[in-house]
Amino acid sequence: EAGVTQSPTHLIKTRGQQATLRCSPISGHTSVYWYQQALGLGLQFLLWYDEGEERNRGNFPPRFSGRQFPNYSSELNVNALELEDSALYLCASSLLLGTGNSNQPQHFGDGTRLSIL
Amino acid sequence: QKEVEQDPGPLSVPEGAIVSLNCTYSNSAFQYFMWYRQYSRKGPELLMYTYSSGNKEDGRFTAQVDKSSKYISLFIRDSQPSDSATYLCALLKARDDKIIFGKGTRLHILP
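To keep things clear, this report deals only with the structure shown in the data block. (Residues numbered from 1 in each chain as written. Chains lettered and ligands numbered in written order. Predicted model: local features only at pLDDT ≥ 70, side-chain atom pairs only at ≥ 80, totals over all residues. Heavy atoms only, no water.)

### Some words on the pairing of strand 6 (residues 53-57) of chain A
Residue and element names in this part refer to chain A.
For step 1, the next point in the chain: When strand 5 (residues 42-50) meets strand 6, the two strands line up antiparallel, connected through four bridges. Each residue of the ladder has a partner; that of Leu-47, found in strand 6, is Arg-57.
For step 2, the next point in the chain: Hairpin connection between strand 5 and strand 6: a loop of two residues separates the two successive antiparallel strands, and Glu-51 in this loop has a positive phi of roughly 50°. (Pairing = 2+ DSSP bridges. Helix = DSSP H or I, 4+ residues; strand = E, 2+ residues; numbered from the N terminus.)

Laid out in C-alpha cells, this is it:
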C-alpha cells in the first residue's frame, strides 16, 4: 500500500512569493491534514479537508489556504511568503476522524521543506 | 497551562536498555492516545494507537495510559541504535478532529 506522498521534497522561495505544496493521501482515505513543523515549535495544525471541503483550520493567517480535489489529493498554498514560513510542511491522511463511530489515526508523508530566502 | 507537555530531551541511553518516554496532559476529555516516531528529514510514523486507560504492547514497544494521572508513557525494550529518533505523543478527544501533539523527545541509543 502506497503511503502519503508529498511534492516537492524541497522548495526554495524568496520573500513575497507564493508557494504551492501537493499531497496525495493513502488510497481510501478521504481526510487530508496539513501541519507546519518549524524548528522548536513542534507540529502546528494548519488545515483539515474532507470530501473536498475545509473542515477546520488552525491559528494561521488567511494567506495559508488550500483545497482538496475530487480524487482527495490536496494543495497547500502560501501567499506573500515571509521568512518565518520556513519550515517542514507535513501532510497526513486518515479515514474520517473524530466523528461517527470511527476514530482513525493520521498517517504522515515525509513533508516538503520550504525555505524562504 | 499547555494541553500536553513532553520533555524535549535529548535522552541518551545505552543499547539494550529499557527506554521510558512520557507525556502529561491537562484535559480529561482526551480519549485517544498515539505515539509517533520521527527520523531526521522524515515524516512522523505511527507506532502505537490506544483508546482510554490501560496498556498496549506491540513487539518491543508498550504504550501505557493512566487517565487518572493524565500521564501517558511509551516503553521501548531492548533498545537498538535504530530506535534513535524523535518520539512524539499525540492526543485526541472523542468526536474531535484536531490531534494535539507534544513537541517530541529526542532519543539517542548509544551502541
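Let's pick the thread back up.
### Focus: the pattern of salt bridges
For step 1, the next point in the chain: The full count for this structure, using the stated rule, is twelve salt bridges over all chains.
For step 2, the next point in the chain: With its nearest N and O atoms 4.0 Å apart, the salt bridge here joins A:Arg57 to A:Glu54.
For step 3, the next point in the chain: Across the pair B:Lys42 and A:Asp110 runs a salt bridge, and its minimum N-O distance is 3.5 Å. Taken together, the residues B:Lys42 in the loop between strand 4 (30-38) and strand 5 (45-51) and A:Asp110 in the loop between strand 10 (107-108) and strand 11 (112-116) connect one chain to another.
For step 4, the next point in the chain: Assessed through its relative accessible area of 42%, B:Lys42 is described here as partly exposed.
For step 5, the next point in the chain: The class of A:Asp110 is partly exposed, set by a relative accessible area of 38%. (Salt bridge = Lys/Arg side-chain N within 4 Å of Asp/Glu carboxyl O. Buried < 20%, exposed > 50% of the residue type's maximum accessible area, 1.4 Å probe, protein only.)

### Observations regarding the pairing of strand 4 (residues 31-38) of chain A
Residues and elements named next belong to chain A.
For step 1, the next point in the chain: In terms of residue burial, strand 4 counts as a mostly covered element, since eight of its eight residues are buried.
For step 2, the next point in the chain: Neither face of strand 4 is exposed, since Ser-31, Tyr-33, Tyr-35 and Gln-37 on one face and Val-32, Trp-34, Gln-36 and Ala-38 on the opposite face are all buried.
For step 3, the next point in the chain: Connecting the antiparallel pair strand 4 and strand 5 is a turn made up of three residues, with Gly-40 showing a positive phi of about 80°.
For step 4, the next point in the chain: Here strand 4 pairs with strand 9 (residues 87-94) via seven bridges, running antiparallel. Looking across to strand 9, one finds that Ser-31 is bridged to Ser-94.

### As for the state of the cysteines
For step 1, the next point in the chain: Tallying each qualifying case throughout the model produces two disulfides over all chains.
For step 2, the next point in the chain: What pairs with A:Cys23 in a disulfide is A:Cys91, and their sulfur atoms sit 1.8 Å apart. Across the disulfide from A:Cys23 to A:Cys91, rotation about the S-S bond amounts to roughly -60°, and the bridge is consequently left-handed. With A:Cys23 in strand 3 (residues 19-24) and A:Cys91 in strand 9, this residue pair connects regions lying 68 residues apart in the sequence.
For step 3, the next point in the chain: What makes A:Cys23 buried here is its relative accessible area of 3%.
For step 4, the next point in the chain: Two residues, B:Cys23 and B:Cys89, share a disulfide whose sulfurs are 2.0 Å apart. Here the disulfide of B:Cys23 and B:Cys89 is left-handed, its torsion about the S-S bond being about -100°. Highlighted residues: B:Cys23 in strand 3 (residues 19-25) and B:Cys89 in strand 9 (residues 85-93), separated in sequence by 66 residues.
For step 5, the next point in the chain: Using a relative accessible area of 1% as the deciding quantity, one classes B:Cys23 as buried. (Disulfide = S-S within 2.5 Å.)

### A look at the packing of aromatic side chains
For step 1, the next point in the chain: Applying the stated criterion across every chain yields a total of twelve aromatic pairs over all chains.
For step 2, the next point in the chain: Judged by centre distance (5.5 Å) and plane angle (90°), the rings of A:Tyr35 and B:Phe101 are edge-to-face. A residue pair is termed interchain when its members come from two chains, as with A:Tyr35 in strand 4 and B:Phe101 in strand 10 (residues 100-101).
For step 3, the next point in the chain: Judged by relative accessible area, B:Phe101 falls into the buried class, the value being 9%.
For step 4, the next point in the chain: Ring centres of B:Tyr25 and B:Phe33 lie 5.5 Å apart, and the angle between their planes is 40°; on these two criteria the pair is classed as tilted. For the pair formed by B:Tyr25 and B:Phe33, the shared burial category is buried.
For step 5, the next point in the chain: The rings of A:Tyr35, A:Phe45, A:Phe108, B:Tyr36 and B:Phe101 are connected pair by pair, giving a single aromatic cluster.
For step 6, the next point in the chain: A cation sits over an aromatic face here: B:Lys93 above B:Phe30, 5.5 Å from the ring centre. (Phe/Tyr/Trp six-rings, centres within 6.5 Å; stacked < 30°, edge-to-face > 60°. Lys NZ or Arg CZ within 6 Å of the ring centre and 35° of its normal.)

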